[in-house]
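# Coordinates in review
In case you want the letters, here they are:
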Amino acid sequence: MTQAPARADILALAREQVLGRGEGLDREQVLEVLRLPDDRLEELLGLAHEVRMTWCGPEVEVEGIISLKTGGCPEDCHFCSQSGLFASPVRSAWLDIPSLVEAAKQTAKTGATEFCIVAAVRGPDARLMAQVAAGVEAIRNEVDIQVACSLGMLTREQVDQLAAMGVHRYNHNLETARSFFPQVVTTHTWEERWETLRMVREAGMEVCCGGILGMGETLEQRAEFAADLAALEPDEVPLNFLNPRPGTPFGELEVLPAAEALKAVAAFRLALPRTILRFAGGREITLGDLGAKQGILGGINAVIVGNYLTTLGRPAESDLDLLGELKMPIKALGETF
């Protein structure tokens, strides 16, 4: 009786397939990576860094975000303290245009090339679209920075309006794997989010789509999510890690272990070798300073600097100092990966 040939080591396979040919790992291959023992983490991160440097280069894209409309959202995303359905502390508030422009100016001073306007809504109404239009125009008149938006689910007309305003990138996260999404959100579907992303791509805007790791999904679902994103082919994938918010359904979940989070960072890089992979919310509580450095040397090539929407981030200076220490230049405005 002949034995079946031994399966190739997943990192040796990834070195040939991803590093050598630029072909991302598929769902089952990503799962193998996520299952690697902790004693292979350093090897995994090293390979992911090589892939990032080979297919994206050393530049790091820096972005700041601002909340135009905070709190009072009608959706029930179980991780979010901005939902009006939970007993969480975020109160509804609007930001005026001068404050929006000032935030864009301060973001540009850090060297950031991206400024994302975010609103806690299911989708924008006429008032919000008018406020966004006024804000985008005011920013473009005074600040040399790319403007992105994250305003929930869109209609075709709204997609076209944003494109006409000069919004170059639209963020709408799928949040998690399709199979796990009903455990995270019940007031709308994964498919509704996908449809918005499809229309954004058709309108010529760049697609920004990621999610949150550590919401109770299995490793199999994490691998499924990486494959979902690879099928979408987004320009940017922001990786968040759950920072449990008091008063939300996920407020009592444990923070993702650092080694598990770093494996996920590297695995997503191996699934998406040419994509902007951005450190976003929760990295401070999940990884700390050392883990942030490991992530940037393990596949990450973009960061959000400063605070997030409802949680505090690292000071922008800390991230910029780290990039300088690692000799990784900040991507210049108009430069592409």
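Small disclaimer: the values here were computed from a predicted structure and weren't measured.

It is worth spelling out the overall build of the protein chain at this point. Within the protein chain one finds 11 helices and 10 strands. A globule of 337 residues ought to have a C-alpha radius of gyration of about 20 Å, and the protein chain, at 19 Å, matches this closely. For the protein chain, the spread of C-alpha atoms along the three principal axes comes to 70 × 40 × 35 Å. The burial tally for the protein chain puts 57% of its 337 residues in the buried class.

Another aspect to go through is the side chain of Glu 224. Locating Glu 224 in the fold gives a position in helix α8 (residues 219–232). Judged by relative accessible area, which is 8%, Glu 224 ranks as buried. In terms of polar contacts, Glu 224 uses its side chain to reach the backbone amide nitrogen of Arg 178, at 3.4 Å. With residues near it in sequence (within four places) discarded, Glu 224 still touches Arg 27, Ala 177, Arg 178 and Ser 179.

The biggest cluster of nonpolar side chains holds 98 residues, and the ones touching the most others in it are Ile 139 and Leu 162. Looking at which element gives the most residues to this core, the answer is helix α9 (residues 258–271), with nine residues. Apart from the residues lying within four places of it in its own chain, the contact partners of Leu 162 are Met 129, Val 132, Cys 149, Leu 151, Leu 154, Val 167, Tyr 170 and Met 205. Listed in part, the six residues of the second largest apolar core include Ile 65, Val 118, Ala 148 and Ala 280.

This paragraph deals with the pattern of salt bridges. The tally for this structure, following the rule as stated, stands at 28 salt bridges. Salt-bridge contacts for Glu 224 lead to Arg 27; the nearest nitrogen and oxygen are separated by 3.8 Å. Residue Glu 224 is located in helix α8, and its partner Arg 27 is located in helix α2 (residues 27–34); the two are separated by 197 residues in the primary sequence. The partner of Arg 178 in a salt bridge is Glu 191, with the nearest N and O atoms 2.8 Å apart. Taken together, the residues span a long stretch of sequence, with Arg 178 in the loop between β5 (169–171) and α7 (190–202) and Glu 191 in helix α7 at a distance of 13 residues. Residue Glu 191 is classed as partly exposed on the basis of its relative accessible area of 38%. Counted as one network, the salt bridges with shared partners bring together Glu 61, Glu 63, Glu 114, Arg 169, Glu 206, Glu 236, Arg 278 and Lys 331.

The next subject is the packing of α2 against α8. Helix packing for two helices is described by the angle between their axes and how far apart those axes are. It is the contact of α2 with α8, at a shortest axis distance of 8 Å, that shows an interaxial angle of 135°. On the basis of their axis angle, the class for α2 and α8 is oblique. For the element pair α2 and α8, the recorded crossing hand is right-handed. Residues Arg 27, Val 30, Leu 31 and Leu 34 of α2 touch α8, and the partners they reach there are Leu 219, Glu 220, Arg 222, Ala 223, Glu 224, Ala 226 and Ala 227.

About the criteria used
- Residues numbered from 1 in each chain as written.
- Predicted model: local features only at pLDDT ≥ 70, side-chain atom pairs only at ≥ 80, totals over all residues.
- Heavy atoms only, no water.
- Helix = DSSP H or I, 4+ residues; strand = E, 2+ residues; numbered from the N terminus.
- Rg over C-alpha atoms; globule rule 2.2 N^0.38 Å.
- Buried < 20%, exposed > 50% of the residue type's maximum accessible area, 1.4 Å probe, protein only.
- Polar contact = N/O pair within 3.5 Å; in protein donor to acceptor, adjacent residues only side chain to side chain.
- Contact = heavy atoms within 4.5 Å.
- Core = buried A, V, L, I, M, F, W, Y, C linked by side-chain atoms within 4.5 Å.
- Salt bridge = Lys/Arg side-chain N within 4 Å of Asp/Glu carboxyl O.
- Axes fitted to C-alpha atoms, helices over the stretch in contact; angles between N-to-C directions.
- Parallel < 35°, antiparallel > 145°, perpendicular 65-115°, else oblique.
- Left-handed = near helix turned anticlockwise from the far one by under 90°.

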